[in-house]
Amino acid sequence: MKVINRVKEIDSTSRRVLRALDTNPRATVGWVAQKLHLARGTVQSRISQLFEPGVLRGHSVTVPPEALGYGIRAICTAEVEQELFDDAVAALHDLPEVLECVATTGGTDLFMQLVARDADDLYVLNQTVLGCPGIRRTSTTIVLRELIPYRIHQLLAD
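Let me begin by describing the structure that accompanies this report. Note that residues are indexed from 1 along each chain, following the sequence as it is written. Under the rules for a predicted model, residues below a pLDDT of 70 receive no local features and side-chain atom pairs below 80 are neither given nor counted, while totals for whole chains, interfaces and linings still include all residues. Remark: hydrogens and water are excluded; side-chain values derive from all non-hydrogen atoms of the structure.

1. Section: the overall build of the protein chain
The line we're drawing: Helix and strand assignments follow DSSP, with helices taken as H or I runs no shorter than four residues and strands as E runs no shorter than two, numbered in order from the N terminus. Here the globule rule reads 2.2 Å times residues to the power 0.38, and the radius of gyration is calculated from C-alpha atoms. The buried label goes to any residue with under 20% of its type's maximum accessible area, the exposed label to any with over 50%, and the partly exposed label to all in between, with areas taken from a 1.4 Å probe on protein chains only. It only takes one pair of heavy atoms within 4.5 Å for two residues to be counted as in contact. Residue burial considers only the protein chains on display, and all accessible areas are found by Shrake-Rupley using a 1.4 Å probe. Charge counting treats Lys and Arg as positive and Asp and Glu as negative, with His and both chain ends excluded. All charge positions are set by atom: Lys at NZ, Arg at CZ, Asp at CG, Glu at CD.
Scanning the protein chain from terminus to terminus reveals 5 helices and 4 strands. For the protein chain, the N- to C-terminal ordering of α and β elements is α-α-α-β-α-β-β-α-β. Taking 2.2 N^0.38 as the reference for a compact globule, 158 residues should give roughly 15 Å; the C-alpha atoms of the protein chain span a radius of gyration of 19 Å, well beyond that estimate. Overall, the C-alpha framework of the protein chain stretches about 55 × 35 × 25 Å when taken along its three principal axes. Counting over 158 residues, the protein chain shows a buried share of 30%. The long-range fraction of contacts in the protein chain, counting pairs at least 24 apart against all pairs at least 6 apart in sequence, stands at 66%. Carbon and sulfur atoms make up 54% of the accessible area of the protein chain, which totals about 11,000 Å². Distance between charge centroids for the protein chain: 13 Å, based on 17 positive and 19 negative side chains.

Right, dumping it as structure tokens:
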């Protein structure tokens, strides 16, 4: 199982750079330096440090799943046999419809965000998840509407 590096805390200068980039993701180093009254070298250095492993999340083009034909989003929790935990996660990793999977405490072991093209597709996906090694039981809830999208901008304040 892949272990994610612990994140080191980001200082106030790097937070300022991130806030500027969060507001304008296509900004150039020169624009950020001018806007923040920092030297270009400082901004470039901070951006380079942010791309070290464990600091920024992996990135890709952000596209809503609906635009790709996945009209249903669901939250799925699963109970897993502990001796097969790594095998379960590896099998889930291979399912493209699993957007996110995290280990949790409490009554379930995994919390997943899934997408499906329609109700029948979600049924098949649920059966596939249940067929993964070690997964004993799942509970799936369909998302009706996203009310607060994933965000971190409010955490970047000093």
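Still more to cover.
2. Comments concerning helix α1 (residues 12-23)
Think of an α-helix as turning once every 3.6 residues; residues three or four places apart then point the same way. Here is the rule we go by: For a helix, the expected span equals 1.5 Å multiplied by the residue count minus one. A 3.5 Å cut-off defines polar contacts: any pair of N or O atoms within that distance qualifies, except that in protein one atom must be a possible hydrogen donor and the other a possible acceptor, and neighbouring residues in sequence count only when both atoms are side-chain atoms.
For α1, spanning 12 residues, the distance from its first C-alpha to its last is 16 Å, which sits close to the expected 16 Å at 1.5 Å a residue. If you check which residues of α1 are buried, you get Thr13, Ser14, Arg15, Val17, Leu18 and Ala20. In the core, the buried residues of α1 are packed alongside α2 (29-36) and α3 (40-50). N-cap assignment for α1: the residue whose side-chain oxygen lies 3.3 Å from the backbone N of threonine 13 is aspartate 11.

3. Concerning the nonpolar core
The test is simple: Grouping buried Ala, Val, Leu, Ile, Met, Phe, Trp, Tyr and Cys residues that are joined through side-chain atoms within 4.5 Å yields what is termed a nonpolar core.
Ranked by size, the top nonpolar core spans 15 residues in total, and within it Leu92, Leu95, Met112, Val129 and Ile135 carry the most contacts. Non-local contacts of isoleucine 135, meaning those with residues more than four positions away in its chain, are made with Ala78, Glu79, Val80, Ala88, Leu92, Val129 and Leu130. Val17, Val32, Leu36 and Val43 belong to the second-largest nonpolar core, a separate cluster that totals 9 residues.

4. Structural notes on the pattern of salt bridges
Side chains that differ in charge, positive against negative, can pair when their charged atoms come close. Where we set the bar: Salt bridges are identified by distance alone: a Lys or Arg side-chain nitrogen within 4 Å of an Asp or Glu carboxyl oxygen.
For the structure shown, the criterion picks out 3 salt bridges. The residue arginine 73 makes a salt bridge to glutamate 146 at a minimum N-O spacing of 3.1 Å. Here the residue arginine 73 occupies a position in strand β1 (residues 72-80), and glutamate 146 occupies one in the segment after β4 (135-142), the gap between them amounting to 73 residues. Across the pair glutamate 79 and arginine 137 runs a salt bridge, and its minimum N-O distance is 3.0 Å. Here glutamate 79, found in strand β1, pairs with arginine 137, found in strand β4; they are 58 residues apart in sequence, far enough to count as distant.

5. Let's talk about the packing of aromatic side chains
Condition: Working definition: a ring pair exists when centres of Phe, Tyr or Trp rings (six-membered ring for Trp) sit within 6.5 Å. Plane angles under 30 degrees give stacked, over 60 give edge-to-face, the rest tilted. Working rule: Lys NZ or Arg CZ, within 6 Å of ring centre, within 35 degrees of ring normal, means a charge sits over the ring.
Applying the stated criterion to the full structure yields 0 aromatic pairs. The ring of tyrosine 70 has arginine 117 sitting right over it, with the charged end atom 4.3 Å from the ring centre.

6. A word on α3
Defined as follows: Comment: arc refers to directions from the helix axis out to C-beta atoms.
Along α3, the residues that are buried comprise Val43, Arg46, Ile47 and Leu50. Looking down the long axis of α3, one finds its buried residues gathered within 100° of arc, a one-sided arrangement. Looking at the buried residues of α3, the elements they touch are α1 and α2.

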